[in-house]
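Spelled out from the first residue to the last, the chains are:
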Amino acid sequence: MINQLKLAKNWEERYRLIIQAGKNLPRPSDDELAHMQPITGCEAQMWFQISPQHDRTFQFSAFSEARIMNGLLWLLLEKINGKTAEELNKFDLTAFFTELGIAQRLSETRLNGLNQIGQKLKQLCT
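Summary of the structure given here. Model, not experiment: these values are computed from the prediction.

## Concerning the pairing of strand E3 (residues 57–64)
Now for step 1: Taking burial as the measure, the 8 residues of E3 include 6 buried ones, the bulk of the element.
Now for step 2: Direction of pairing for strand E2 (residues 46–52) relative to E3: antiparallel, over a ladder of 7 bridges. Among the inter-strand pairings, Phe48 is bridged to a residue of E3, identified as Ala62.
Now for step 3: Relative to strand E4 (residues 83–84), E3 runs antiparallel, the two being bridged by 2 bridges. Residue pairing for E4: Thr57 is matched across the bridge by Thr84.

Here is the structure:
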């Protein structure tokens, strides 16, 4: 999916691919959502959860009420799941979405929510 986004000819094609990617993100149960941390600053409600693993890596789960955000979250989770704190500290969220040709098309409020997740990734090293 990431390669398809990089090769997409225009924003409409990217948008369609992002929406399709979001269908891969399962909707958490109400109980699971209650245990996830709400992310503020995004125009749609969004939740994020960090789960440390025994091998010093992290697994993440996320969900949003907005289809486009679910697609963006799915792409992000594909990139960051299974990484160590050191690898996550080096990860540049804005550069990732810019490389995919997405960042420049996102509203400031959508970027705010994603940037808050980026900050949480950086905090894992502290």
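## Observations concerning the sheet that holds strand E1 (residues 37–39)
Now for step 1: Across the sheet, which stays open at both edges, the 4 strands sit in the order E1-E2-E3-E4 with antiparallel pairing between neighbours. Whereas interior strands pair on both sides, the edge strands pair on one side only; in this sheet they are E1 and E4.
Now for step 2: Relative to the sheet, helix H4 (residues 67–80) contacts E2, E3 and E4, its axis offset from that of E3 by approximately 175°.
Now for step 3: Together, E1, E2 and E3 form the strand contacts of helix H7 (residues 108–123), whose direction differs from that of E2 by roughly 15°.

## Some details on the packing of aromatic side chains
Now for step 1: Summed over all chains, the structure comprises 6 aromatic pairs.
Now for step 2: A centroid spacing of 6.3 Å and a plane angle of 25° characterise the contact between Trp47 and Phe63, whose relative ring orientation is stacked. Residue Trp47 is found in strand E2, and its partner Phe63 is found in strand E3; the two are separated by 16 residues along the sequence. The burial state of Trp47 is the same as that of Phe63; both residues are buried.
Now for step 3: Of the aromatic side chains, those joined through ring pairs into one cluster are Phe48, Phe58 and Phe60.

Procedures and definitions
Residues numbered from 1 in each chain as written. Predicted model: local features only at pLDDT ≥ 70, side-chain atom pairs only at ≥ 80, totals over all residues. Heavy atoms only, no water. Buried < 20%, exposed > 50% of the residue type's maximum accessible area, 1.4 Å probe, protein only. Helix = DSSP H or I, 4+ residues; strand = E, 2+ residues; numbered from the N terminus. Pairing = 2+ DSSP bridges. Contact = heavy atoms within 4.5 Å. Axes fitted to C-alpha atoms, helices over the stretch in contact; angles between N-to-C directions. Phe/Tyr/Trp six-rings, centres within 6.5 Å; stacked < 30°, edge-to-face > 60°.

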